[in-house]
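# Tertiary structure, described
If you want the building blocks of each chain, they are given just below.
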Amino acid sequence: MAKIKMIFNLPEDQAEFDLAIQGGKMYSALWDISQEIRTLWKYEELSEEEWNMVERIRDKFYEILDDNQIKLDK
């Protein structure tokens, strides 16, 4: 098992520190968004216009994740 130690010089590195400790919350938020989009995509009865919008949002959401090399597979 590998151990990683992250060292921040506060207050200079406060922004980087905040991002590092919020990573789990950010992952959870992205996961929840993906599940909401999935629910709309698979189970909701939508008009054609609504369905097209959900499809556009879904495609863009996953494109942004892919561009940033973020994988939500649990």
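Whatever comes next refers back to the structure up there.
The text that follows walks through the structure, step by step, so that each part is easy to find. (Residues numbered from 1 in each chain as written. Predicted model: local features only at pLDDT ≥ 70, side-chain atom pairs only at ≥ 80, totals over all residues. Heavy atoms only, no water.)

### Side note on the packing of helix α2 (residues 23–43) against helix α3 (residues 48–67)
This is how it is decided: In this analysis an axis means a line fitted to C-alpha atoms, helices contributing only their contacting stretch, and an angle means the value between N-to-C directions, from 0 to 180 degrees. Counting from the N terminus, the helices are the DSSP runs of H or I reaching at least four residues and the strands are the DSSP runs of E reaching at least two. Each angle is binned into one of four classes, with values under 35 degrees roughly parallel, values over 145 roughly antiparallel, values of 65 to 115 roughly perpendicular, and all other values oblique. Handedness of a helix crossing follows the sense of rotation of the near helix relative to the far helix, less than a right angle counterclockwise being left-handed and clockwise being right-handed. Residues count as neighbours in contact if any of their non-hydrogen atoms are within 4.5 Å of one another. Each residue is assigned to one class: nonpolar for Ala, Val, Leu, Ile, Met, Phe, Trp, Tyr, Cys and Pro, charged for Asp, Glu, Lys and Arg, and polar for all the others, Gly among them.
Interhelical geometry of α2 versus α3 gives an angle of 150° and a closest axis separation of 10 Å. By the angle class used here, α2 and α3 are roughly antiparallel. The crossing of α2 and α3 is left-handed. Along its contact with α2, which presents L30, I33, S34, I37, L40 and W41, the element α3 presents W51, V54, E55, I57, R58, F61, Y62 and L65. Looking at the contact of α2 with α3 residue by residue, the class counts come to 11 nonpolar, one polar and two charged.

### Overview of the side chain of S34
Worth spelling out the cut-off: Relative accessibility thresholds used throughout: buried, under 20% of the residue-type maximum; exposed, over 50%; partly exposed, between the two (1.4 Å probe, protein chains only).
With respect to the helices and strands, S34 occurs in helix α2. Relative accessible area serves as the criterion here: at 2%, S34 is assigned to the buried category. When sequence neighbours within four positions are dropped, the list of residues in contact with S34 reads F61, Y62 and L72.

### Considering unusual backbone geometry
Where the residue is not glycine, phi is negative for most of them; where a peptide bond is considered, it is trans in most cases. With an omega of 10°, the peptide bond between L10 and P11 qualifies as cis. Note that P11 resides in the segment before α1 (14–21).

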